Amino acid sequence: LRILSVGDIDEACRVLNKPAREAVAVTGRLIGCVEAGGTKFLCAVAGPGEAPRDVVRIATATPQETIGRAIGYFRAAEAAGEGFEAFGIASFGPVELDPHSPHWGSILKTPKPGWSDVNLVATFAEMFSVPIGFDTDVNAAAIAEAGCGEPTCLDDLVYVTVGTGIGGGAVTNGAPVHGARHPEMGHIFPPRHRLDHFAGICPFHGDCLEGLASGSAIQARWGATLSALPPGHEAHDIVAWYLAHLAMTIAAILAPRRIVFGGGVMQATGLVDRIRSYADRLSGGYFDGAGALSSIIHLPRTGLHAGLIGAQILARQACKRVSRD
Ligand code: ZN
């Protein structure tokens, strides 16, 4: 990575659209929050007791350029405040989540050019010398939606993002599920919708769920976003039908108390209601003892910033781990 100059800090301040001194209120040490996505990085800071604020969006380009700009933003905040206590990074996958691995914090083999083996944790640790919390973007969103760390935390919740790709993060017994690596809920094979003969676009599986119902798949087959297609267009029903199969599969395997559907595609009007309706038809009343399947399907309560709020929780957890050790 290139060494940051004063110019980078000025650039970050322009992004913040504030003079450096006003960029961050001096309220104590800050938490740095990063949601590292395949199309954009969101960066934010939070003082004690604050929600993430001063959010900047950095288009994901090369690792050098993208991470360099993110670090420039945080250096600007640092110059105006009291420095950082910790960072939380919620990243697109696949990533290495095993803290005992020398590659902990790395993005693993990805089709995204230049990003394989980039170690986000090592880069931020080297730059700021503070504890770093790290998880997938969807696990981070799941812990944010579950309210981990709050007295009212939901112990069992699944967060699904339907955007460029489809991914899912799970909290069970109050902690994110990692397993041997981390779940890849977008790559299940739903049955084919009777009107659907599209080959699918997943480079690994063709017509897995992500290959059929992600934002990229919608764009590839209908030439528009779901929101841009008229409500009567078959795309709305086909996509909802596939996503309802994911909800049914998640409920059958993990029995969460809540399944949250977020991501850009979910902003299409009426989509969550269509998913609920198909989910109840698919479940055949089998889950009704604990309430209909549709009753646990929700849009994110944390809005569009679930990943950043999750990153903030990851940072706090990293601080606690360090103070325990
Ligand atoms: Zn796939």
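Since we're looking at a predicted model, the values are computed, not measured.

Each value, and the rule that gives it
- Residues numbered from 1 in each chain as written.
- Predicted model: local features only at pLDDT ≥ 70, side-chain atom pairs only at ≥ 80, totals over all residues.
- Heavy atoms only, no water.
- Pairing = 2+ DSSP bridges.
- Helix = DSSP H or I, 4+ residues; strand = E, 2+ residues; numbered from the N terminus.
- Donors = N, O, S within 2.8 Å, 3.2 Å for Na, K, Ca; no water.
- Tetrahedral: all angles 85-135°; square planar, octahedral: opposite > 155°, others 65-115°.
- Axes fitted to C-alpha atoms, helices over the stretch in contact; angles between N-to-C directions.
- Contact = heavy atoms within 4.5 Å.
- Core = buried A, V, L, I, M, F, W, Y, C linked by side-chain atoms within 4.5 Å.
- Buried < 20%, exposed > 50% of the residue type's maximum accessible area, 1.4 Å probe, protein only.

Looking now at the sheet that holds strand β10 (residues 297-298). Taken in spatial order, the 5 strands of this open sheet run β8-β7-β6-β9-β10, and their pairing is mixed. Each end of this open sheet is capped by a strand with a single partner; those strands are β8 (175-176) and β10. One ladder, built from 6 bridges, connects strand β6 (residues 157-162) with strand β7 (residues 166-172); its direction is antiparallel. Bridging from a neighbouring strand, Val 158 pairs with Ala 170 of β7.

As a further point, take the coordination of the zinc ion. Protein-derived coordination of the zinc ion comes from His 187 (ND1), Cys 202 (SG), His 205 (ND1) and Cys 208 (SG), at a distance range of 2.1 to 2.4 Å. Taken together, the 4 donor atoms surrounding the zinc ion define angles of 102 to 122° at the centre, an arrangement classified as tetrahedral. All donors to the zinc ion come from one chain, and their sequence spacing reads H-x14-C-x2-H-x2-C. With His 187 in the loop between β8 and α6 (209-213) and Cys 202 in the loop between β8 and α6, this residue pair connects regions lying 15 residues apart in the sequence.

Read from one edge to the other, the open sheet built from 5 strands follows the order β3-β2-β1-β4-β5, with strand pairing classed as mixed. Sheet topology places β3 (53-59) and β5 (132-136) at the edges, where each strand pairs with a single neighbour. Between one strand and the next, the sheet's axes are offset by a mean angle of 15°, whatever the strand orientation. Note: strand β1 (residues 30-36) against strand β2 (residues 40-46), 6 bridges, orientation antiparallel. The partner of Gly 32 across the bridge, within β2, is Val 45. Strands in contact with helix α4 (residues 120-128) are β1, β4 (84-91) and β5; relative to β4, the strand with the most contacts, it is inclined by about 165°. The sheet contacts of helix α10 (residues 306-324) involve β1, β2, β3, β4 and β5, and relative to β4 the element is tilted by about 130°.

Our next topic: the nonpolar core. In this structure, Val 160, Leu 226, Leu 243, Phe 261, Leu 271 and Ile 275 are the most contacted members of the largest nonpolar core, which totals 39 residues. When residues of this core are traced back to their parent elements, those giving at least two are β6, β7, α6, α7 (215-222), α8 (234-254), β9 (258-262) and α9 (271-283). Of the residues forming this core, the biggest block, 12 residues, is contributed by α8. For Phe 261, the contacting residues outside a window of four places in its chain are Val 160, Val 162, Leu 243, Ala 247, Met 266, Ile 275, Ile 297, His 298, Leu 299 and Pro 300. Membership of the second largest hydrophobic core comes to 30 residues, among which are Ile 89, Phe 92, Val 121 and Phe 124.

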